[in-house]
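The lines below spell out each chain.
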Amino acid sequence: MSTLKEIPCGKTVKVTKLTGEGPVRRRIMDMGITKGVEVFVRKVAPLGDPVEVTVRGYELSLRKADAEMIQVE
Amino acid sequence: MGTIITAVVLACVVGLVIRKMIQDKKSGKSLQCGCDCAQCGGCGSKK
Amino acid sequence: MSVKIALAGNPNCGKTTLFNALTGSNQFVGNWPGVTVEKKEGRLKGNKDVVIMDLPGIYSLSPYTLEEVVARNYLINERPDAIINIVDGTNIERNLYLSTQLIELGIPVLMAVNMMDIVEKSGDKINISKLSERLGCEVTTISALKGTGIMKAAERAVALANAKKAAPKVHKFAVKVENVLTAVEDKLGSDIPEEQKRFFAVKLLEKDDKIGEQMKKVPDVSAEIEMLEKEMDDDTESIITNERYVYISSIIGECYTKAGKETLTVSDKIDKIVTNRWLALPIFAVVMIIVYAVSVTTVGTWATDWANDGVFGDGWSLFGLEIPGIPVLVEGALEAIGCADWLMGLILDGIVAGVGAVLGFVPQMLVLFIFLAFLEACGYMARVAFIMDRIFRKFGLSGKSFIPMLIGSGCGVPGVMASRTIENDRDRKMTIMTTTFVPCGAKLPIIALIAGALFGGAWWVAPSAYFVGIAAIICSGIILKKTKMFAGDPAPFVMELPAYHMPTAGNVLRSMWERGWSFMKKAGTIILLSTIVLWFLMSFGWMDGSFGMLEAEELDYSILAALGGVFAPLFAPLGWGDWKMAVAAITGLIAKENVVGTIGILFGVAEVAEDGAEIWEQLAASMSAVAAYSFLVFNLLCAPCFAAMGAIKREMNNIKWFWFAIGYQTVLAYAVSLCVYQIGMLCSAGAFGIGTVVAFLLVIGFIYLLFRPYKESTTLKVDMKKAAMGIK
């Protein structure tokens, strides 16, 4: 079990759980990152943060701090 | 003669400008911006 | 009888394009999620009884962002007769998430699948009739950009509105969830209409804290929530969200067929290079340099010179044909009709000089606006936020803060407005406060004047002005981040990166024109009036005990001199205690363009070019280089013009925050200018006094504020919900 933050570029992972609370979590869920969905880590920004992922067929960028809330396998 | 004509024209222009500004103010546009840039939509611009 | 139809959909799905096509209005369309931040209204072309509302783009009807609350309150309270739900066909899965929520509202929904042309081109297939059957609402396909199918869509929406039949709710969640939902629905009071019950039940179950405001009586559903949470081992908010996506996935499988092999789209290829780990920053730097090299130095200067020295100067030549400048023409005309000298003075020295100084700047602005519009429309801005986020976060801002600042380099008003796309309250306030530090278009003439008059046109003055602005933003960010007011939760940064597309020329030109036009309108109204007032104030005064009109060389006796004299001592420690400069700085509050215009009028030259070349000598004689730089810094950083202040007030939506912002800017400007002057004088002339001591104390205090220890909170507090309610 690890978080999305630790996943290197080019890997596809499956979301198992979202930790944290409040608006950020809801926003992440609203954008389609929910339990069981496959997330492809596309690239990392030039300065190492944020990351760009492909989820449900579109590109999404999120910060590593927020990616830490997403548990994947 | 020329002075009077010019003065009247100028007074008219100033009057119109002030009226326009008061109208804008009343319709809530105020001095915010040109209220045209839908980019911001900040003035709820209606065209 | 009029019919109200609301356009709802995700950000960047083509809502505004459709709105323009349906109403024929010219709203600018940007390729940046969240361009529409307030609802807009228009009438359907060819049928004036139909009112179309363009709602802000939203991903969900959650209570967490301003746009979402605006949209859903509108949908609940105003109850439009029908909703056209625009769905981006190239990104249908996430778009349907909002659709499932819209259908629950009990308002007839017509789903318009947009960008069908792109979907077809890629070979993907969407089974429309199946989609309609599974979702329980009518579905049609359109291409908003090409205009295909849009009128048909509008007609169907009107028919739906007139039939007043809400979509039968066919989408169902898991049995457990449905059972609880039914139980909650039964608890709802009679004030909720039958067709809206499901929506309210879902929201209550999600523990939505803003929904209570829309209800007369809020039933207690904690028992149901607890039961469901226990049963599903998750919180209700996630359960509902999950259920929606599970449901959507089940539809997608049936209705959507992908072309098969995953090929890289053009957008992907561009993105690979543009946000490449090594190339992204250099490319970004090159883009910025090109924008400024063209709009500020080369083409911009050429255009401004032409406008100022030609159109608003002595004249210019077109293919060898001599065309006289406007002041020459006006003077000739006035002389011809025998106008009195004083009136000619008012028109030429007052109006033409003042308004001309502003209008002369328009061509350069237009060039800059073309670039900004292009960058916005093509989708690069979102990438800039992506690239820059790391840096901006270091000083308490977000990657999205870059957009307001970039736009702010054109004009602070749209810049401040653009800050609305920042969801986090703290980031947004910080961005609003610092955006106007970026030298806006109207501040460029001040820079040009000071550089030309006192530094012999030294190359480094203009870049240093931008540097001062950027340094002010960075330092303010760091200092403010550590204050109590801004201490808070780390900001979320979850942003869609839209696919690139080539903006249409019409779109870019329209945006350029709208922004440019607002500049010109300002010149014709507020600046026109202020130049007239200014002229009167400086042309009349008391001399030798009697009030009357003054000769040019008696300026020191004018009303303006008296007024300026009151403020001048305030600015003496900054090195420019001359009343003329004080007046110039104060008139800058009306519009920054006024600073150069005022200096031009006060130093007695009929009309002043962009860089004020005619008055360089007088200006240089009246103040030292250090004082001039202090004047420049003050004008760059102090409170912006009234228009921008209005924008700040509006965006802060809180009078206390507004005054805090303005006060902070002015105090910072005063302190920095003081330091520049006092320390500058110490270095250049060896002058030492109380002022120098104060300056050093300020520097020490500043460094302390900058480096004092600070612990950034790393955990999210639940209080954010309360904060979100507080700003309402």
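Note that the structure is predicted; figures quoted are calculated from it, not measured.

Let us look at the packing of helix 5 (residues 128-135) of chain C against helix 10 (residues 236-255) of chain C. Helix-helix packing is characterised by the crossing angle of the two axes and by the distance between the axes. All names here are of chain C. Between helix 5 and helix 10, the shortest axis-to-axis distance is 9 Å and the interhelical angle comes to 155°. With respect to helix 10, the axis of helix 5 lies roughly antiparallel. Crossing of helix 5 against helix 10: the hand is right-handed. Each of Lys130, Leu131, Arg134 and Leu135 in helix 5 lies in contact with helix 10, whose residues at this interface are Tyr247, Ser250, Ile251, Glu254 and Cys255. Class assignment for the residues of the contact of helix 5 with helix 10 results in five nonpolar, one polar and three charged.

One pass over the full model with this rule turns up 18 aromatic pairs over all chains. A ring pair is formed by C:Phe455 and C:Tyr629, whose centres lie 6.1 Å apart and whose planes are at 85°; its orientation type is edge-to-face. Linking C:Phe455 in the loop between helix 20 (444-454) and helix 21 (461-481) with C:Tyr629 in helix 27 (residues 625-637), this pair joins segments that are 174 residues apart in sequence. Across this residue pair, the class does not change: C:Phe455 and C:Tyr629 are buried. For the pair C:Trp460 and C:Tyr629, a centre-to-centre distance of 6.2 Å together with 45° between the ring planes defines the contact as tilted. Here the residue C:Trp460 occupies a position in the loop between helix 20 and helix 21, and C:Tyr629 occupies one in helix 27, the gap between them amounting to 169 residues. Here C:Trp460 falls in the partly exposed class, since its relative accessible area comes to 35%. Relative accessible area serves as the criterion here: at 15%, C:Tyr629 is assigned to the buried category. Taken together, C:Trp535, C:Phe536, C:Phe540, C:Trp542 and C:Phe547 form an aromatic cluster joined through their ring pairs. Directly above the aromatic system of A:Tyr58 lies the positively charged group of C:Arg94, at a separation of 4.1 Å from the ring centroid. Between C:Arg383 and the ring centre of C:Tyr500, over which it is positioned, the NZ or CZ distance is 4.1 Å.

Another point: the sheet that holds strand 4 (residues 51-55) of chain A. One open sheet holds the seven strands; their spatial order is 1(A)-6(A)-2(A)-3(A)-4(A)-5(A)-11(C), and the pairing between them is antiparallel. The two strands at the open ends of the sheet, each matched to only one other strand, are strand 1 (2-3) of chain A together with strand 11 (494-496) of chain C. Direction of pairing for strand 1 of chain A relative to strand 6 (residues 70-72) of chain A: antiparallel, over a ladder of two bridges. Bridging across to strand 6 of chain A, A:Thr3 finds its partner in A:Gln71. Where helix 1 (residues 22-30) of chain A meets the sheet, it contacts strand 2 (12-18) and strand 6 of chain A together with strand 11 of chain C, and its direction lies at approximately 140° from that of strand 2 of chain A.

The next subject is unusual backbone geometry. Look at the link from A:Asp49 to A:Pro50: it is a cis peptide, with omega at -5°. Structurally, the position occupied by A:Pro50 is in the loop between strand 3 (38-44) and strand 4. Despite not being glycine, A:Arg56 has its phi angle at roughly 50°, a positive value. By the secondary structure assignment, A:Arg56 is in the loop between strand 4 and strand 5 (58-62). Since its relative accessible area comes to 10%, A:Arg56 is described here as buried. The phi dihedral of C:Asp233 is positive, around 55°, even though this residue is not glycine.

On to the nonpolar core, then. Grouped together as the largest cluster of nonpolar side chains are 117 residues, with contacts concentrated most on C:Tyr380, C:Trp576, C:Ile599, C:Leu619, C:Met623, C:Phe631 and C:Leu637. Residues contacting C:Met623, with those up to four places away along its chain left out, are C:Leu454, C:Trp576, C:Met581, C:Ala628 and C:Phe631.

Time to look at the confidence of the model for chain B. In the predicted model, chain B carries a mean pLDDT of 64, and 49% of its residues have values of at least 70. Taken together, the stretch residues 28-47 of chain B has pLDDT below 50 and engages in 51 contacts with residues farther than four places along the chain or on a different chain.

Residue and element names in this part refer to chain C. Two elements, strand 12 (residues 540-543) and strand 13 (residues 546-549), share four bridges in a ladder whose sense is antiparallel. When the bridges of strand 13 are listed, Met543 appears paired with Ser546. The turn joining strand 12 and strand 13, which pair antiparallel and follow one another in sequence, is formed by two residues; a positive phi near 55° is taken by Asp544.

Calculation criteria
Residue numbers run consecutively from 1 along every chain, following the written order of its sequence. As a convention, the first chain written is A and the first ligand written is 1, with the rest following in written order. Totals for whole chains, interfaces and linings use all residues, but because this is a predicted model, local features are given only for residues with pLDDT of at least 70 and pairs of side-chain atoms are given and counted only at 80 or more. Values shown for side chains rest on all heavy atoms present in the structure; no hydrogens or waters enter the calculation. Lines are fitted to the C-alpha atoms to define the axes, a helix being fitted only along its stretch in contact, and any angle between axes, read from their N-to-C directions, falls within 0 to 180 degrees. Helix and strand assignments follow DSSP, with helices taken as H or I runs no shorter than four residues and strands as E runs no shorter than two, numbered in order from the N terminus. When an angle is under 35 degrees it counts as roughly parallel; over 145 it counts as roughly antiparallel; between 65 and 115 it counts as roughly perpendicular; any other value is oblique. Handedness of a helix crossing follows the sense of rotation of the near helix relative to the far helix, less than a right angle counterclockwise being left-handed and clockwise being right-handed. Note on contacts: a residue pair qualifies if any of its non-hydrogen atoms lie within 4.5 Å across the two residues. Three classes are used, and their members are as follows: Ala, Val, Leu, Ile, Met, Phe, Trp, Tyr, Cys and Pro are nonpolar, Asp, Glu, Lys and Arg are charged, and the others, Gly among them, are polar. Aromatic pairs are defined between Phe, Tyr and Trp rings, using the six-membered ring for Trp, whenever the two ring centres lie within 6.5 Å; interplanar angles under 30 degrees are classed as stacked, those over 60 as edge-to-face, and all others as tilted. The buried label goes to any residue with under 20% of its type's maximum accessible area, the exposed label to any with over 50%, and the partly exposed label to all in between, with areas taken from a 1.4 Å probe on protein chains only. We count a charge as sitting over a ring when the NZ of a lysine or the CZ of an arginine lies within 6 Å of the ring centre and within 35 degrees of the ring normal. Should DSSP find at least two bridges between two strands, the strands are regarded as paired. Here, nonpolar core refers to any group of buried Ala, Val, Leu, Ile, Met, Phe, Trp, Tyr and Cys residues whose side-chain atoms link them within 4.5 Å. Scored between 0 and 100, pLDDT is the confidence that the predictor attaches to each residue.

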